[in-house]
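# Structure assessment
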Amino acid sequence: MVDIFKTYLDTMARNGLIDSGNALMGLADATLDWNRPDDPACKKLSPLFDHLNINALIFARPAEPYWTIINYLAQVSIGPITPKDCETRTFLHDLPITENLSADTLIPILRHRKSSIVKDHGIVTYGTVSLEQPLVTFSSVCFACFVKFFSDMLAETKSGNMNTVKQGILESVTAMLPPPFEKNPPALSIGPFTFEKEVLQGVCEAGSQVVNLGLVDSSFGNISYRANDILYISQTGSFLDDLSGFIDPVPLDGSSCTGITASSELSAHLEIIKQTGCRAVLHGHPKFSVILSMYCEVECCEHRGNCHRACPHARDACSIPIVSGEVGTGPYGLCRSVPKALKNRPGVIVYGHGVFTSDHTDFNHALYNLIDIERQCRIEYFKKINMMAY
Amino acid sequence: MFGWHGKILRIDLNRQSFEIESADTACCRKFIGGRGLAGYFLKEYITLPYDAPEMPILFFTGPLVATPSPTSGRMTIMSKSPLTDTIGDSSVGGSFGTMLKKTGLDGIIITGRSDLLCGIEIHDASVRLVSAKALAGRKISDLTRILQSKGAIAAIGPAAENGVKYANIIIDGHYAAGRMGLGLNFASKNIKYITVKGTGKTEVADPVALKQAGEDIFRLVSASPALMGDYGISRFGTGALYDLMDARHMMPTLNFKKNRFDHAASLNAPAYRNRFIPKSTGCRGCHIRCKKTASDGRPLPEFETMSHFSALIGNQNMETVMAANHFCNEHGMDTISAASTLACYFELAGKHPASENIIALLSDIVYQRGTGKQLGKGSARLAEDFGFPEASMTVKNLELPAYDPRGAYGMALAYATASRGGCHLRAYPVGHEILRKPVPTNRFTFAGKARIIKLQEDVNAVSDSLTACKFIFFAASVEEYAKVYSAITGLSFSGHELMKAGERICYQERIMNTQNGFTAKDDDLPARFFIPQVNNNDAYQPPAINRTDFLAARAAYYVVRGLDENGMPGREKAQELGL
Ligand code: SF4
Ligand SMILES: [Zn+2]
């Protein structure tokens, strides 16, 4: 049991979601075990296992800058926080808030939602299968709040509604951001890769870098490489910095269905490869690219509200095209919009979601472009709110 | 009431009478519909023999059926299983559930026994009992052709009429209410078919909220690789799992002696697709449409059938799989049980499958000729007759489907605890153990699995009762379906409250099985899985299941489920659940 907790604690800390070791985790089978059985919160949260149909729970105060952001949003929000990014839209719906850390207040909320922000305390979230579910939800809440915070601040600035309190919060959060990206990313293996072993190594190496550089939320995102008429792609729900054993070989002639466990963006990857002829595809969720993608200056647009799936306008951020598209293969699937937009471009930003980049040889250029897009978007963001810091 | 009609049709074949009974809201809330409500009405008769005239056969829809809810076209047929002696329910698609609901009924309860082979024809408020003498022995496609103007059809074929223990009821010509031998329940009442046609509407409390809730689910479905991905079941049918099961060393081969099949690559779903250029069809009210029909009109086999009629019996001929599937469907016989009984027979009789005529053997079963008589009793009774019960790969007499539990320990536990015998659908751990949804779990450990299996059994009891298709739960969860349920019924329900109903439904089924003498000794796997013996031509071999670990997980399951150490339900827990 102890080992299980450690794995998840390490993952959360490595991804900057919590300060090292700073989360309370409960896991129940016939009995309920806690990673810190002496923590007074255990007593408060144990009834959740009796009253909800769950087997795993995480309660933690997120690391900075998330915690300042989340607590601020919780203070100013009337009702649940309603971020508009793709992750929240698809999986979380909205983010409810409770006033105190008690089973009585949390149970009714968690009957309807996967998580609750507890004012001045942290985030409580659960799973029905494994600790990985609350980990993913925790990470999504942090990501969604980050994006919403900076989006709101941009909107307030543009509409002239900033005041000293908001400015103060914005400045203190900004001061806690990690430094902007260096222009030149670390060098990755040189392609083209032909042997399966090289491919798998190349994919694992690039995946780790994407995570190390903070270009995804909690290690998710996806990555693929085409060699010998096989697309090697990360599995759905795999951690990009731990891909060994979690890469699916998908034959391009469609002769096998083993790709059923591949990333939910498999269709987009296949189409990108088909339409651009490239070998390597990277997809991450860099935050400022996502924030700028959701900032639209078209006035009185009749399509507002539908921006995430069918925006008819040609938009860009820092000259990178922004397209609409939902996860997967639905009628508004991003597999329909991303590939053609990526042709002859360094990358594409998907509205409220993330960035795709590709390359003809290996992952070096794809990673460079992913970083560069985020670097430029971050500079552009602060330009837009008249802050020179970044 | 919204969602439900609050009306159940009771048909007594002894007296040839029909009566409408009202179902009260409290009861509907408690048991939801489908499997839950059917179980509620079955309870008091469960200790009778399956063929006692008083033993009811129940058809139940749920509150979501015949509404715009995603995958709302399924329903439950239930009675006591002739094959397993447990409760015997089957969730089935096609259009029967939707049509039944459109007649203004939530369910039908049939008791008694007709003197002559009969058909029951329901058209809105009209119910007719007609002679089906002229249809005796007719195959499913004949019946479908003859009866098609009468609406949705539930019918049995010759397998049921001739007493095969794993005979199915077939809906609309090719949706099987399978696994439990329910066809025999039909035959025991002398029913050949039921047709139903309805034109009414199901009132929805809040159509706007339903649309919103439906859209949330559609979005999740679109994001699901297993459902809508390039290699998902929408495109390839459930056969999409075939490659994965082989790659994960979970393909039951030669009666579970091996778990990889040398010819898998040439018998996978893309191979069928290339050869038969199938069209997609599906249950009423479903946009996933996982059913595939070949250009010659024959249905493509489901994953289980594909796997068992190839790997399990050692057959490498695709046309034989197609023909066997078609034959079983035409004669109303369960494909999993038929294939597994053949595999057991080949092992017991030392036969080499390649030299056997599979279709001739299936025909012997249906028409009860020669060895077919023994084979028609199912593999457990067959192996017993041979004096070698270990050769039967069953749990509670139900032939195991196409997932080798040595490759997924949650599945091992789920087979053992499922209330209708060795069934994969009760907890369907394939979702997390293999398809990585909602998140992946370690398939080679029992740690944590007891509670996971219990919770998933509850979820699936909810989905079978709403009713919705279990496949959609690869993507959506009870959280989203609670919104659908609330919008339709106007009752405010959370996912966790629905789960409570799921727990109640599962516990009720435990109680019924206990009344028929089932105990912990029945919650067990065939001995083969605990003995190292698999011989693949492959460097990697999954080890045998550690029996001590298995028993510990089962004991943990009993704790979580609120049972005693012998798997028996208790009064206190029953009361807590309102039973
Ligand atoms: S997914 Fe398949 S089985 Fe389920 S409702 Fe749709 S067509 Fe029927
Ligand atoms: Zn993404």
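This brings us to the coordination of the zinc ion (ligand 2). All names here are of chain A. Surrounding the zinc ion (ligand 2) are the protein donor atoms His-283 (NE2), His-285 (NE2) and His-353 (NE2), which sit 2.1 Å from the metal. Along the chain, the residues donating to the zinc ion (ligand 2) are arranged with the sequence spacing H-x1-H-x67-H. One end of the pair, His-285, is in the loop between strand 10 (280-284) and helix 10 (287-293); the other, His-353, is in the loop between strand 13 (348-350) and strand 14 (354-359), with 68 residues separating them in the sequence. The class for His-285 is buried, based on a relative accessible area of 9%. Owing to a relative accessible area of 7%, His-353 belongs among the buried residues under this scheme.

Attention now goes to the pairing of strand 14 of chain A. All names here are of chain A. Across the 6 residues of strand 14, 6 count as buried, placing the element largely inside the fold. Burial of strand 14 is two-sided: the residues Gly-354, Phe-356 and Ser-358 facing one way and the residues Val-355, Thr-357 and Asp-359 facing the other way are all buried. Bridge analysis of strand 10 against strand 14 gives 5 bridges, and the strand direction is antiparallel. Note that in strand 14 the partner of Leu-282 across the bridge is Thr-357. Inspection of the sheet shows strand 13 paired to strand 14 by 3 bridges, in the antiparallel sense. Bridge pairing in strand 14 links Val-348 to Phe-356.

Next up on the list: the packing of aromatic side chains. Applying the stated criterion across every chain yields a total of 35 aromatic pairs over all chains. Each ring, one from B:Tyr345 and one from B:Phe346, has its centre 6.0 Å from the other, and the planes form 45°; the classification is tilted. Of the two residues examined, B:Tyr345 and B:Phe346, each falls in the buried class. Taken together through their ring pairs, the aromatic side chains of A:Tyr66, A:Tyr72, A:Phe146, A:Phe149, A:Phe150, A:Phe288, A:Tyr381 and A:Phe382 make up a single cluster. The side chain of A:Lys287 reaches across the aromatic face of A:Phe146, ending 5.1 Å from its centre. Directly above the aromatic system of B:Phe236 lies the positively charged group of B:Arg273, at a separation of 5.1 Å from the ring centroid.

Bringing the sheet that holds strand 9 (residues 247-251) of chain A into the picture now. Residue and element names in this part refer to chain A. The 8 strands lie next to each other as 9-8-7-10-14-13-12-11, forming an open sheet whose pairing is mixed. Two strands close off the open sheet at either side, each with one partner strand: strand 9 and strand 11 (315-317). Strand-to-strand twist of the sheet, defined as the mean angle between neighbouring strand axes without regard to direction, takes the value 25°. One ladder, built from 4 bridges, connects strand 7 (residues 222-227) with strand 8 (residues 230-234); its direction is antiparallel. Along strand 8, the bridge assignment pairs Arg-226 with Leu-231. Helix 9 (residues 266-276) rests against strand 7, strand 8, strand 9, strand 10 and strand 14 of the sheet, and its axis sits at about 140° to strand 8.

Before going further, it helps to examine the sheet that holds strand 4 (residues 97-98) of chain A. Residue and element names in this part refer to chain A. Pairing within the open sheet is mixed, and its 6 strands lie in the order 2-1-3-6-5-4. Each edge of the sheet is formed by a strand with only one pairing partner; in this case those strands are strand 2 (32-34) and strand 4. In terms of strand pairing, strand 1 (residues 24-28) meets strand 2 through 3 bridges, oriented antiparallel. Each residue of the ladder has a partner; that of Gly-26, found in strand 2, is Trp-34. The strands touched by helix 6 (residues 132-158) are strand 3 (56-60), strand 5 (115-118) and strand 6 (122-127); relative to strand 6, the strand with the most contacts, the crossing angle is about 140°.

A word on helix 9 of chain A. All names here are of chain A. For helix 9, a buried count of 8 out of 11 residues is recorded, marking the element as mostly surrounded by other parts of the structure. Turning to helix 9, its buried residues number three or more, namely Leu-266, Ser-267, Ala-268, His-269, Leu-270, Ile-272, Ile-273 and Thr-276. Of the residues one or two after helix 9, Gly-277 is the one with positive phi, at around 70°.

It is worth spelling out helix 13 (residues 364-384) of chain A at this point. Residues that lie three or four places apart on an α-helix share one face, since the helix turns once every 3.6 residues. Residues and elements named next belong to chain A. Along its 21 residues, helix 13 runs 30 Å from first to last C-alpha, staying within 8% of the 30 Å computed at 1.5 Å per residue. Among the 21 residues that make up helix 13, 15 are buried, leaving the element largely enclosed by the rest of the structure. In the segment just after helix 13, Asn-386 is the residue with positive phi, at about 60°.

Another point: the nonpolar core. The tendency in soluble globular proteins is for nonpolar side chains to be buried side by side. Residue and element names in this part refer to chain B. Counting residues in each nonpolar core, the largest one holds 207 residues, and the members touching the most others are Phe-59, Phe-309 and Leu-362. Looking at this core element by element, the count peaks at 8 residues for helix 14 (residues 335-349). Apart from the residues within four sequence positions on either side, Phe-59 is in contact with Met-75, Thr-76, Ile-77, Phe-96, Leu-100, Asp-106, Gly-107, Ile-108, Ile-110, Ala-154, Phe-186 and Ile-194.

Moving on, we come to the pattern of salt bridges. All names here are of chain B. Scanning the model with the defined rule gives 53 salt bridges over all chains in all. Between Arg-10 and Glu-21 there is a salt bridge, with its nearest N and O atoms 2.3 Å apart. A residue pair is termed long-range when its members are at least 10 positions apart, and Arg-10 in strand 1 (residues 7-12) and Glu-21 in strand 2 (residues 17-22) qualify at 11 residues. Residue class for Arg-10 comes out partly exposed when judged on its relative accessible area of 24%. Lys-521 is paired through a salt bridge with Asp-522; the nearest N and O atoms lie 3.4 Å apart. Counted as one network, the salt bridges with shared partners bring together Lys-454, Glu-457, Asp-458, Lys-500, Glu-503, Arg-561, Lys-573 and Glu-576.

Procedures and definitions
- Residues numbered from 1 in each chain as written.
- Chains lettered and ligands numbered in written order.
- Predicted model: local features only at pLDDT ≥ 70, side-chain atom pairs only at ≥ 80, totals over all residues.
- Heavy atoms only, no water.
- Donors = N, O, S within 2.8 Å, 3.2 Å for Na, K, Ca; no water.
- Helix = DSSP H or I, 4+ residues; strand = E, 2+ residues; numbered from the N terminus.
- Buried < 20%, exposed > 50% of the residue type's maximum accessible area, 1.4 Å probe, protein only.
- Pairing = 2+ DSSP bridges.
- Phe/Tyr/Trp six-rings, centres within 6.5 Å; stacked < 30°, edge-to-face > 60°.
- Lys NZ or Arg CZ within 6 Å of the ring centre and 35° of its normal.
- Axes fitted to C-alpha atoms, helices over the stretch in contact; angles between N-to-C directions.
- Contact = heavy atoms within 4.5 Å.
- Expected span 1.5 Å × (residues − 1).
- Core = buried A, V, L, I, M, F, W, Y, C linked by side-chain atoms within 4.5 Å.
- Salt bridge = Lys/Arg side-chain N within 4 Å of Asp/Glu carboxyl O.

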